[in-house]
Amino acid sequence: MKQEYFVYQVSYFKPLLMRLENFGIDTERVIQKSEIRHFDLSNSQNYIPTTVVHDLFSSLRKNSETDTFVANFLNDFSLSELGSYGSCLAGFPTLNKAIAAFTKFNYLLQTNIQTDLKIHKNEAIFSFSFLDQHSKGGKISEYILLAIVCQLFNVYGGHNWYPIAVHIPNTVISDIEPLLPGGEYPIQYNQPEYRFVFSKSLLKYETYTNPLNPCIVPEYQEKNIIEVIENVISSYKYGCIPSLKTLASHFNTSESSMKRILKSKQAKFSDILGHILHDRAVNLLTTSDMNISLISEHLGYSDSPNFIRSFKKWTGFTPGKYRESMMLSH
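Residues numbered from 1 in each chain as written. Predicted model: local features only at pLDDT ≥ 70, side-chain atom pairs only at ≥ 80, totals over all residues. Heavy atoms only, no water.

Enquirer: How should the overall build of the protein be read in this particular structure?
Expert: Summing up its helical and strand segments, the protein has 15 helices and seven strands in all. Viewed in the frame of its principal axes, the protein has a C-alpha envelope of about 70 × 45 × 40 Å. On the protein, roughly 17,200 Å² of surface is accessible, and the fraction owed to carbon and sulfur atoms is 51%. (Helix = DSSP H or I, 4+ residues; strand = E, 2+ residues; numbered from the N terminus. Areas by Shrake-Rupley, 256 points an atom, 1.4 Å probe, with all protein chains shown as cover.)

Here you go:
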């Protein structure tokens, strides 16, 4: 059975959290009651398992007084809120190039989506669907992506633009209506994917209102399972050391299945974790004046001797000797 390891980049859902905070919703209180509290949300480049994010969204929904809380907070969403990624999408001369970049590089934001662009006579069809299992929190995540896609079309088609037709997986439209383009067009419900049907001419229409973005488009590189796991473990806060059981639960799989996947890639959980802890230890030893006991605690070790043994295994030196050698070399 094929296991999928889906993640979101923090920059994907951070705009929603910031908007909720601005409207007086205590997102920090909800975060502290969910698994996501163990992750470093201050770094927008960090990656969180989709299951953890969906649980957070479900909790936020329960703490909201409105039935359409996502749509209410994202109806004036701007691509610039996604940082350099969003600015890059808004900086192409045509929608065609922007959609191509979105399709190619969306894995930077999330790994659980598939997209497609088809041309039929004078019509273009842009579609997207999700690869993971549906959940209430997952539905909220879908709405965030819907807001991103709608804003992409608004940037290149103008705010008065509207599609020829829209397909949505929903049975009702009330919860996402504020996110959809204005104007009159048919909407088909209960569809297997989201679809925007629009005039092919919009793809080639050159807009001169968007400055060419100075950011460099990232080199395309498909994420493999090992990289995904490394990204997730690296995104844990200092002091939080996930167990193999915890990591497996984040991906809706068992410890044995996780071990098999890692073994098939010639990797071990202990080696991946050790590499990350080694890098963090070196960083603290060379950039801070923390004593060894405090560094041990900061990394999440139960006591200093355990940390010292681990560090000596990684480098051949005790932490104290390593720090001394680094100071002498500089």
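Enquirer: Explain the packing of helix 1 (residues 10-22) against helix 7 (residues 136-157) here, please?
Expert: Angle between the axes and distance between the axes are the two parameters that describe a pair of packed helices. Contact geometry of helix 1 with helix 7 gives a least axis separation of 11 Å together with a crossing angle of 95°. As summarised for this structure, helix 1 and helix 7 are arranged roughly perpendicular, according to the angle between their axes. Contact residues: Tyr12, Phe13 and Leu16 in helix 1; Ile140, Ser141, Ile144, Leu145 and Ile148 in helix 7. A class-by-class count of the residues in the contact of helix 1 with helix 7 yields seven nonpolar, one polar and no charged. (Axes fitted to C-alpha atoms, helices over the stretch in contact; angles between N-to-C directions. Parallel < 35°, antiparallel > 145°, perpendicular 65-115°, else oblique. Contact = heavy atoms within 4.5 Å. Nonpolar A, V, L, I, M, F, W, Y, C, P; charged D, E, K, R; others polar.)

Enquirer: How should I be thinking about the nonpolar core in this particular structure?
Expert: When a protein is soluble and globular, its nonpolar side chains tend to lie buried together. Core analysis: the biggest nonpolar cluster contains 103 residues, and Phe13, Ile36, Phe128, Ile148, Phe153, Phe196 and Phe198 have the highest contact counts within it. Counting residues per element, this core draws most heavily on helix 7, which supplies 13 residues. Beyond its immediate sequence surroundings of up to four residues, Phe153 is in contact with Leu95, Ile99, Phe126, Gly158, Trp161, Phe196, Phe198 and Leu202. (Core = buried A, V, L, I, M, F, W, Y, C linked by side-chain atoms within 4.5 Å. Buried < 20%, exposed > 50% of the residue type's maximum accessible area, 1.4 Å probe, protein only.)

Enquirer: Explain the packing of aromatic side chains to me, please; I cannot follow it from the model alone.
Expert: The way to describe two aromatic rings as a pair is by their centre distance and the angle between their planes. Inspection of every chain in the model, using the stated rule, returns 17 aromatic pairs. With centroids separated by 6.4 Å and ring planes inclined at 55°, the aromatic side chains of Phe126 and Phe153 adopt a geometry described as tilted. Placement of Phe126 in strand 4 (residues 123-130) and of Phe153 in helix 7 is noted, with a sequence separation of 27 residues between them. Both residues of the pair, Phe126 and Phe153, belong to the buried class. Consider the rings of Tyr162 and Tyr185, whose centres lie 6.5 Å apart with planes at 15°: the pair is stacked. Within this pair, whereas Tyr162 is found in the loop between helix 7 and strand 5 (165-167), its partner Tyr185 is found in the loop between strand 5 and strand 6 (187-188), the two being separated by 23 residues in sequence. A relative accessible area of 46% means that Tyr162 is categorised as partly exposed. (Phe/Tyr/Trp six-rings, centres within 6.5 Å; stacked < 30°, edge-to-face > 60°.)

Enquirer: Would you take a moment to explain the pairing of strand 7 (residues 194-199) for this structure?
Expert: One face of the sheet, then the other: side chains in a regular strand alternate in exactly this way. Sheet topology places strand 4 next to strand 7; six bridges connect them, and they run antiparallel. Opposite Glu123, over in strand 7, you have Ser199 as the bridge partner. (Pairing = 2+ DSSP bridges.)

Enquirer: Explain unusual backbone geometry to me, please; I cannot follow it from the model alone.
Expert: It is generally the case that most residues other than glycine have a negative phi and that most peptide bonds are trans. If you check the backbone angles, Asn190 has positive phi at about 55° while not being a glycine. Topologically, Asn190 is positioned in the loop between strand 6 and strand 7. The class of Asn190 is exposed, set by a relative accessible area of 53%. Despite not being glycine, Gln266 shows a phi value in the positive range, around 55°. Within the element layout of this structure, Gln266 appears in the loop between helix 11 (255-264) and helix 12 (269-287).

Enquirer: How do you make sense of the sheet that holds strand 7 when you look at a structure like this?
Expert: Think of a sheet as strands paired side by side through backbone hydrogen bonds, with each pair either parallel or antiparallel. Here we have five strands laid out as an open sheet, ordered 3-4-7-5-6, and mixed in their pairing. Taken across any chain shown, the strands that pair with only one partner, and hence form the sheet edges, are strand 3 (113-120) and strand 6. Bridge count between strand 3 and strand 4: eight bridges; the pairing is antiparallel. From the neighbouring strand, Lys118 faces strand 4, where its bridge partner is Ile125. Across the face of the sheet, helix 6 (residues 95-105) comes into contact with strand 3, strand 4 and strand 7 while running at roughly 150° to strand 3. Lying on the sheet, helix 7 is in contact with strand 3, strand 4 and strand 7; it crosses strand 7 at an angle near 10°.

Enquirer: Would you mind going over the side chain of Glu142 with me for this structure?
Expert: For Glu142, the location among the structural elements is in helix 7. A distance of 3.1 Å separates polar atoms of two side chains, one belonging to Glu142 and the other to Tyr194. (Polar contact = N/O pair within 3.5 Å; in protein donor to acceptor, adjacent residues only side chain to side chain.)

Enquirer: Please explain the environment of Leu16 as it appears in this structure.
Expert: Assignment of secondary structure puts Leu16 in helix 1. Taking the C-alpha atoms as reference, Leu16 lies 16 Å from Asp40; in sequence the two are 24 residues apart. Once you skip the residues sitting within four places of it in the chain, Leu16 turns out to touch Phe57, Phe73, Leu74, Ile140 and Ile144.

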